[in-house]
Number of protein chains: 4
Amino acid sequence: MQDTYQCEIVTFTANIGQGKDIELAREKAELMGVKEVYVENLCEEFVRDFVFPMLRANTLYEGNYMLGTPIARPLIAKRQIEIANETGADAVAHGATSKGNDQLRFELSYYALKPDIKIIAPWREWNLRSRTSLMNYAEKYHITVQTDKRGATPFSLDANMLHVSSEGKVLEYPEIQAADYIWSNTTSPEDAPDKPTILDIGFENGDPVSIDSKRLSPASILLKLNELGSANGIGRLDLVENRFVGLKNRGLYETPGGTILHVAHRAIESITLDREMGHLKDELMPRYAKLIYNGFWFAPEREMLQSAIDFSQYAVTGTVTMKLYKGNAVVIARKSANSLFSANWVTFEESNLIDYNDKDATGFIKLNALRLRLKKMLQS
Amino acid sequence: MQDTYQCEIVTFTANIGQGKDIELAREKAELMGVKEVYVENLCEEFVRDFVFPMLRANTLYEGNYMLGTPIARPLIAKRQIEIANETGADAVAHGATSKGNDQLRFELSYYALKPDIKIIAPWREWNLRSRTSLMNYAEKYHITVQTDKRGATPFSLDANMLHVSSEGKVLEYPEIQAADYIWSNTTSPEDAPDKPTILDIGFENGDPVSIDSKRLSPASILLKLNELGSANGIGRLDLVENRFVGLKNRGLYETPGGTILHVAHRAIESITLDREMGHLKDELMPRYAKLIYNGFWFAPEREMLQSAIDFSQYAVTGTVTMKLYKGNAVVIARKSANSLFSANWVTFEESNLIDYNDKDATGFIKLNALRLRLKKMLQS
Amino acid sequence: MQDTYQCEIVTFTANIGQGKDIELAREKAELMGVKEVYVENLCEEFVRDFVFPMLRANTLYEGNYMLGTPIARPLIAKRQIEIANETGADAVAHGATSKGNDQLRFELSYYALKPDIKIIAPWREWNLRSRTSLMNYAEKYHITVQTDKRGATPFSLDANMLHVSSEGKVLEYPEIQAADYIWSNTTSPEDAPDKPTILDIGFENGDPVSIDSKRLSPASILLKLNELGSANGIGRLDLVENRFVGLKNRGLYETPGGTILHVAHRAIESITLDREMGHLKDELMPRYAKLIYNGFWFAPEREMLQSAIDFSQYAVTGTVTMKLYKGNAVVIARKSANSLFSANWVTFEESNLIDYNDKDATGFIKLNALRLRLKKMLQS
Amino acid sequence: MQDTYQCEIVTFTANIGQGKDIELAREKAELMGVKEVYVENLCEEFVRDFVFPMLRANTLYEGNYMLGTPIARPLIAKRQIEIANETGADAVAHGATSKGNDQLRFELSYYALKPDIKIIAPWREWNLRSRTSLMNYAEKYHITVQTDKRGATPFSLDANMLHVSSEGKVLEYPEIQAADYIWSNTTSPEDAPDKPTILDIGFENGDPVSIDSKRLSPASILLKLNELGSANGIGRLDLVENRFVGLKNRGLYETPGGTILHVAHRAIESITLDREMGHLKDELMPRYAKLIYNGFWFAPEREMLQSAIDFSQYAVTGTVTMKLYKGNAVVIARKSANSLFSANWVTFEESNLIDYNDKDATGFIKLNALRLRLKKMLQS
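Residues numbered from 1 in each chain as written. Chains lettered and ligands numbered in written order. Predicted model: local features only at pLDDT ≥ 70, side-chain atom pairs only at ≥ 80, totals over all residues. Heavy atoms only, no water.

Caption draft 1: Structural context of the overall build of chain A. Looking only at helices and strands, one finds 13 helices and 13 strands in chain A. Along the longest, intermediate and shortest principal axes, the C-alpha atoms of chain A span 80 × 55 × 45 Å. Look at the contacts in chain A between residues 6 or more apart in sequence, and 71% of them connect residues 24 or more apart. Surface summary for chain A: the accessible area is close to 14100 Å², and the carbon and sulfur share equals 50%. (Helix = DSSP H or I, 4+ residues; strand = E, 2+ residues; numbered from the N terminus. Contact = heavy atoms within 4.5 Å. Areas by Shrake-Rupley, 256 points an atom, 1.4 Å probe, with all protein chains shown as cover.)

Laid out in structure tokens, this is it:
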């Protein structure tokens, strides 16, 4: 960019748990003569203000994908815009490709937060038609690029506290099984311990707050669950999903801690959340997931949905006991001071609920059936 | 009922794969002097006309429950009404309790199919206020009742080709872990083989038609997958769910073959189904699941949703390769002659798709961003 | 009730604008020896906390009905429960019939607010099988009952500030045109003035606050618009709708002011509301309307939807100019300081919006078309 | 195009009821030396296969707009593609502007039907930055362009059998009332007859088939209702709506016959359609309307929704009596052999429905209330 635009550059690298030596970004930038280098740890903000709100909705895109990549982009974009404002930058840039989703997630966020910003997307604007031409460019300008475990040019990798994803190369053939070495963030179920791990996760108002009764910060909770989940082979997903640009994409996702939290959150809701609020959440969720996937985190309709989702969580407080074992993250118990479940209410034995008259069910059934009966009598 | 109503009784027992000696029902009925005893095998119809249509929708109630019990009730009710018509019966009866869902599933189906039918629900109409009083009644009239593995009075069990469920007794305490012996239909993940099972499932128009290239009938496919799934510890679920009558319920569900088919169906859709049809299905699914759970299989709105779901499946044909291992049922490959995924279209390398101009993405992003930019400029 | 239960009675009559001499209720009660008689004016609360929140959602049940009756019931029930608490009453009662919706609206509200309350519903519990038997009962006990304009026993009438409804008698034949004399609250379009009325309605955050720039209280606004709407023949509706109990019902509704506000609210949203928030509101509205119609105002899912609806209204501020003429309430102009409409942005002439490049549309179209093209190429 | 591309041109003009001398298009084309000139009457196909299916869904975009323009575009595009196939054309072109919706409706249809087609959009590709520059271009090449009633350059007009729309010029100021002369297709309510018109509309399976018992073709029905509606001042709409490209647009729409059919269709559904199918339709409708508005008529998700909508219409047969009077199109009666309404079922008098026990309502209410009561007791 220095070559092309003859302009001063400010670099920004967010530490959102990608697990590499983040300070290398500073060194690389300084080597290239960049004067203003921002390297910031955003892990707590990432988990607290992005990952947890999304978990409240039990979010899964297309039934499976936990949105590890899309949920990180708006945070990076937001901080980037703030830095642009602080430094008086004319334009912002990102390195996302021209056929993927990330360009949308970055740029829709930029535009939503600063509508008059100029955006530079080298991948689309320069002659970088493919990963190969990118590697040639890097070589020409002596930019070191990480290679994979076997020394080959890398898969398209994205990593943060929530997940690691791998795309591209042989993965572009969904009929071919992914080689084991591609999985980088989790032990395989086969190699996981033979003994289960049991743990308690505490929730308050829909958000996890503790592990085994120990109160932890949002990022610390996710970190701890990543560790436990990864060791127990949890959170691997081999998926073909639909991109916003109209293409299908195959990705390998590893989301150990997020998977545990997803299962646990549903379990704490199962005893504390009103049925109809839960069903409404389930019906809104695919649309909410799609908004995040497509890059509309900062759109008003996402915020509108969030306000309904957040409203529902006021009593979602309690503890879930989970068992982790060779790829399985299962609920074995759940309790809450707000529990709407009461053995006295549903027991098959004579109940203290003097008010539940067996005859009530007759009336309930008959009025629910009335339109069906009329329809059959009058229209067949 | 013979005692209470002094009427002639016709008994009907449907074999839908509950796995007990179904002919015992005949003997028991004949012992009591019943002249017309219907015992029928409905397994193929059950899987073909009820389980598979439901699987086309990727149906999960409250995010998890595969509806093994609710999907069987309408079939039993339908055949029961046919028999009532054949034998000139004045009334139909069932044995479901007064606080559960099954009374709704039976009776809404009866009413929808024969609006002038009289329904007898002994549990609500007689003095059977609890399971204990039922056991006393059975003892008094010398009716043998099955006890559990340990000789105790049973959990509330429901079994068919799709699942086995257990409810009641200690399970009414969701904060207490379920004892291992309650699981009756699956090997535990811990006891499952250390070696994975790999298999191919073939689909046509959204329905499974073969295993490892061998064409099988609907019931045979489910039977085979139950066997494989059960051996590999697949399909256990410990859940608190919301009943239609307004109570929460804790159940243990074992759905080995159904779980495999659910995962596989999503995978074959992932390469053959148009994105927007898929997203529409995802948004309609919770409502469709609720209808089945609540007993509205024969309601017109269920049929209306089914017509949309079935429409979407015309190209959902191909093969999914799955790995089963200690509780995990995961997709490792998928292929189809109708695949909408093409390496040529999404490759990061230079593509043959001359038509995908990198600049197109710029326009796509800018027009998607336009309302966000205007909003920020004009309303903040 | 005094006769049947030998108990002390507290009466409560809410003035929500039904327009009769409300103090007659006090006299009647005192004549019968009731010691505690509550007669209260709830008009402002009714409009501010019930009618206006509902209008924010552009609520119409089954495409047409403005829910004048159902929106009033929860307020009456709420105040009734408060009075029960204040007076230490054991039970509450209402006069709704056994096949209608109002019993649900009252009782679901009672139960939601005071779950252990005892409810007396004379219509269901006594022998009042029909309006005729009710009239006989009234005659026997010397209770005066209002008759209609022609001295006959009345239609089932419900009146409040939002609407007047008429049901029953000849209206039970939807194939018969309603006689003119049944309409009681509006001038007929034919008899309305030949000269239109033009007025400005001011909105703030989604709620009407002024007429012709004169700031008015919620009830005063509705009162004024009822007057103008009624004079101009606005708000008549002859409808067959679906009751919660499973029956269809024909009603005549007159909602003059509400109709004007409904049209005006959509108009102010049309220039101030983000597109996607608006579309989300439109998709949620039928469900929201159904909740109110069925009596679930105090249910958490209604509140959850309300939180999303209310979120959307923060910029819905401005002025709408309406023309009222012989049954027509139409928008002729709308303006707002928050307007998202700008002539500069959409003009067909050369625009100042340097940023809207004509080529952008090409990219937008091509990426929106991509999945359609792939589908056609690969699946047909 | 002859000048720019030096290619042979085929012209196609569809008669879909725009009401101009359609053969002028032929003359104009021939004058310019075009050898293949297609002028075709598509009125019946337009109404039968596009307008009526859309009416089955009670389609309104953003609560008001009957989609007169968007529903015509896919038909034109479809026939254009067929002609391109017949004549071996390399490319298709259209005259829609670069900021509007019609470019999307044409091009998404072209691409969906013929994915490898080349599209020429002169407005975007040439230097036609505004209506003024277009008029200059026309003058330069001696192309006559229609002017408005007052001799001025025209509003942007679109006309077909369903509606006439006007956009642009002074209408770009939504705070300014539209001058009377802009309305071109309907009498004003003020000038409409003082005597109402009463008529019967017959429906079969959701589609109108007769007027006053006289069976007519689809186009003839719409033509007749346009005539009656127009004379009675029906179907004017002054609206600000949201475009797909992200802008708001103000349009004046005149849809006389369509407005009558919309009201009548809801009325025939009101007595023949099952409640839950109706509510499902209402919830799906905004999404269906959006798809048509945005140009996705030929997208699979529109067809999927259509299959559900069409399924619901099997019993929507009967007759609706309407009154047209000075802008009002109201229902005064409706009847059907399939009516689900029966005076016997809902009467307030003693009913023949022995099966509707007043006590049933108690049970219905109590079980609907149960979760609300539990929530209040356990969570507050």
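Caption draft 2: Structural detail: the relation of the copies chain B and chain A. For these two chains of identical sequence, chain B goes onto chain A by a turn of 180 degrees and a shift of 0.0 Å along the axis, with RMSD 0.0 Å. Classification of the inter-copy transformation places it as that of a two-fold axis. Closest approach to the rotation axis among the C-alpha atoms of chain B is made by Glu283 of chain B, whose C-alpha sits 2.8 Å away. Counting the interface residues of chain B, we find that 99% of their copies in chain A are interface residues as well, pointing to one common contact surface. (Least-squares fit on C-alpha atoms with pLDDT ≥ 70 in both.)

Caption draft 3: Structural context of the environment of Ala192 of chain D. All names here are of chain D. Within the secondary structure, Ala192 is located in the loop between strand S6 (164–167) and strand S7 (197–204). What makes Ala192 buried here is its relative accessible area of 4%. In this view, Ala192 contacts Thr187, Ala231, Asn232, Gly233 and Lys326; residues no more than four positions away in its chain are not counted. (Buried < 20%, exposed > 50% of the residue type's maximum accessible area, 1.4 Å probe, protein only.)

Caption draft 4: View of the interface of chain B and chain A. Between chain B and chain A, the residue contacts involve 101 residues of the former and 100 residues of the latter. Taken together, both faces of the contact between chain B and chain A bury some 9600 Å²; the carbon and sulfur share is 56%. For the pair chain B and chain A, the interface holds 10 salt bridges. Between Glu301 of chain A and Arg371 of chain B there is a salt bridge; the shortest N-O distance is 2.6 Å. Here chain B and chain A share 36 residue pairs in polar contact (both at pLDDT 80 or more) between them. (Buried area = accessible area lost by both parts, 1.4 Å probe. Salt bridge = Lys/Arg side-chain N within 4 Å of Asp/Glu carboxyl O. Polar contact = N/O pair within 3.5 Å; in protein donor to acceptor, adjacent residues only side chain to side chain.)

Caption draft 5: Highlighting a nonpolar patch on the surface. Side chains of Val170, Tyr173 and Ile176 of chain A sit close together on the surface and give an oily, nonpolar patch of about 230 Å² of accessible area. Summarising the element assignment, Ile176 of chain A is placed in the loop between strand S6 (164–167) and strand S7 (197–204). (Patch = residues over 30% accessible without salt bridge, like charges linked within 9 Å, V, L, I, M, F, W, Y side chains within 5 Å.)

Caption draft 6: A look at the packing of helix H3 (residues 43–56) of chain D against helix H4 (residues 73–87) of chain D. All names here are of chain D. Orientation of H3 relative to H4, taken along the N-to-C sense of each, is 120 degrees, at an axis distance of 10 Å. Classified by chirality, the crossing of H4 by H3 is right-handed. For the pair H3 and H4, the contacting residues are Glu45, Phe46 and Phe50 in the first and Pro74, Leu75 and Lys78 in the second. Grouping the constituent residues of the contact of H3 with H4 by class yields 4 nonpolar, no polar and 2 charged. (Axes fitted to C-alpha atoms, helices over the stretch in contact; angles between N-to-C directions. Left-handed = near helix turned anticlockwise from the far one by under 90°. Nonpolar A, V, L, I, M, F, W, Y, C, P; charged D, E, K, R; others polar.)

Caption draft 7: The arrangement of the sheet that holds strand S5 (residues 156–159) of chain A in detail. All names here are of chain A. An order of S5-S6-S11-S10 is seen for the 4 strands of this open sheet, with the pairing classed as antiparallel. Both outer strands of the open sheet, S5 and strand S10 (236–242), are each paired with one neighbouring strand and no more. Within the sheet, the average angular offset between the axes of one strand and its neighbour, ignoring direction, is 25 degrees. Here S5 runs beside S6; their pairing, made up of 4 bridges, is antiparallel. Looking across to S6, one finds that Leu157 is bridged to Ser166. (Pairing = 2+ DSSP bridges.)

Caption draft 8: Structural detail: the UniProt feature "binding site: L-citrulline" (unreviewed entry) in chain A. All names here are of chain A. The UniProt record marks Tyr65, Asn101, Arg105, Ser156, Ser165, Glu241 and Tyr253 with the feature "binding site: L-citrulline" (unreviewed entry), using the residue numbering of this structure. Mapped onto the secondary structure, Ser165 falls in strand S6. Excluding anything up to four places from it in sequence, Ser165 contacts Thr69, Ser156, Leu157, Asp158, Leu252 and Tyr253. Inspection of the secondary structure assignment puts Tyr253 in strand S11 (residues 248–254). Among residues more than four places away in sequence, those in contact with Tyr253 are Tyr65, His163, Val164, Ser165, Glu167, Trp183, Gly235, Arg236, Leu237, Leu239 and Glu241. (UniProt positions renumbered as here; feature names shortened; annotations may be inferred.)

Caption draft 9: Examining the packing of aromatic side chains more closely. The final tally for this structure, using the stated rule, is 34 aromatic pairs over all chains. Here Tyr65 of chain A and Tyr293 of chain A contribute two aromatic rings whose centre-to-centre distance is 6.2 Å and whose plane-to-plane angle is 80 degrees, an arrangement assigned as edge-to-face. With Tyr65 of chain A in the loop between helix H3 (43–56) and helix H4 (73–87) and Tyr293 of chain A in helix H10 (residues 275–294), this pair connects stretches of sequence that are 228 residues apart. Residue Tyr65 of chain A shares its accessibility class with Tyr293 of chain A, and that shared class is buried. Through successive ring pairs, a cluster of aromatic residues spans Phe244 and Phe296 of chain A, Phe364 of chain B, Phe364 of chain C together with Phe244 and Phe296 of chain D. Just above the ring of Tyr293 of chain A sits the side chain of Arg105 of chain A; from NZ or CZ to the centre is 4.7 Å. Across the ring face of Trp297 of chain C, the terminal group of Arg302 of chain C is positioned such that the distance to the ring centre comes to 3.5 Å. (Phe/Tyr/Trp six-rings, centres within 6.5 Å; stacked < 30°, edge-to-face > 60°. Lys NZ or Arg CZ within 6 Å of the ring centre and 35° of its normal.)

Caption draft 10: Region of the structure containing the relation of the copies chain A and chain D. Structural alignment of chain A on chain D gives an RMSD of 0.0 Å, achieved by rotating through 180 degrees and translating 0.0 Å along the axis. When you check the interface residues of chain A against chain D, 100% turn up at the interface there too, and the contact is symmetric in its surfaces.

Caption draft 11: Geometry of H4 of chain A. All names here are of chain A. The first and last C-alpha atoms of H4 sit 21 Å apart over 15 residues, in line with the 21 Å expected at 1.5 Å per residue. Those residues of H4 not exposed but buried are Arg73, Pro74, Leu75, Ile76, Ala77, Arg79, Gln80, Ile81, Ile83 and Ala84. In this structure, the buried residues of H4 make contact with strand S1 (10–15), strand S2 (36–41), H3, strand S3 (91–93), helix H5 (102–113) and S5. Immediately downstream of H4, the backbone of Gly88 shows phi near 70 degrees, a positive value. (Expected span 1.5 Å × (residues − 1).)

Caption draft 12: View of the sheet that holds strand S12 (residues 318–325) of chain D. Residue and element names in this part refer to chain D. Taken together, 5 strands build an open sheet; the order of strands is S9-S8-S7-S12-S13 and the sheet is antiparallel. On the outer flanks of this sheet lie strand S9 (214–215) and strand S13 (328–335), each paired with one strand and no other. Each of S7, strand S8 (207–211) and S12 is contacted by helix H8 (residues 218–231), which is oriented at about 65 degrees to S8, the strand it contacts most.

Caption draft 13: Expanded view of the pairing of strand S6 (residues 164–167) of chain C. Residue and element names in this part refer to chain C. Neither face of S6 is left uncovered, since the one carrying Val164 and Ser166 and the one carrying Ser165 and Glu167 both have all their residues buried. Taking the residues between adjacent antiparallel strands as the criterion, strand S5 (residues 156–159) and S6 are bridged by 4 residues. Two elements, S6 and strand S11 (residues 248–254), share 4 bridges in a ladder whose sense is antiparallel. Note that in S11 the partner of Val164 across the bridge is Glu254.

Caption draft 14: Structural context of the interface of chain A and chain D. Each side of the interface is counted separately: chain A has 30 residues, and chain D has 30 residues. For the pairing of chain A and chain D, the buried interface totals around 2900 Å² over both sides, and the portion due to carbon and sulfur atoms is 60%. Between chain A and chain D we count 4 salt bridges in total. Its salt-bridge partner being Asp360 of chain D, residue Lys366 of chain A comes within 3.6 Å of it at the nearest N-O pair. Remark: the boundary between chain A and chain D carries 8 residue pairs in polar contact (both at pLDDT 80 or more). Secondary structure elements with two or more residues in the side of chain A that touches chain D: H10 and helix H13 (358–379) of chain A. Top element by residues in the side of chain A that touches chain D is H13 of chain A. It accounts for 15 residues.

Caption draft 15: Representation of the nonpolar core. Formed by 384 residues in total, the largest nonpolar core has its most connected members in Phe46 and Met322 of chain A, Phe46 and Met322 of chain B, Phe46 of chain C together with Phe46 of chain D. Residues in contact with Phe46 of chain D, not counting those within four places in the same chain, are Ile16, Val51, Ile71, Ala72, Leu75, Asn160, Met161 and Leu162 of chain D. (Core = buried A, V, L, I, M, F, W, Y, C linked by side-chain atoms within 4.5 Å.)

Caption draft 16: Broad picture of the pattern of salt bridges. Residue and element names in this part refer to chain A. Per the counting criterion, the structure on display carries 116 salt bridges over all chains. Residues Arg79 and Glu86 are paired through a salt bridge, measuring 3.3 Å at the closest nitrogen-oxygen approach. Residue class for Arg79 comes out buried when judged on its relative accessible area of 14%. A single salt-bridge network, built from bridges that share partners, covers Glu40, Glu45, Lys78, Arg79, Glu82 and Glu86.

Caption draft 17: Molecular detail of the UniProt feature "binding site: ATP" (unreviewed entry) in chain A. Residues and elements named next belong to chain A. If you check UniProt for "binding site: ATP" (unreviewed entry), the listed places come out as Ala14 and Gly95 in our numbering. Look at the named residues: they lie 82 residues apart in sequence, but the longest C-alpha span between them is just 13.8 Å, so in the fold they bunch up. Within the secondary structure, Ala14 is located in strand S1. The exposure class assigned to Ala14 is buried, which follows from its relative accessible area of 8%. Every residue in contact with Ala14, bar those within four places of it in the chain, is listed here: Ile22, Glu40, Leu42 and Ile76. Counting through the fold element by element, Gly95 comes out in the loop between S3 and H5. By relative accessible area, which is 64% here, Gly95 ends up exposed.

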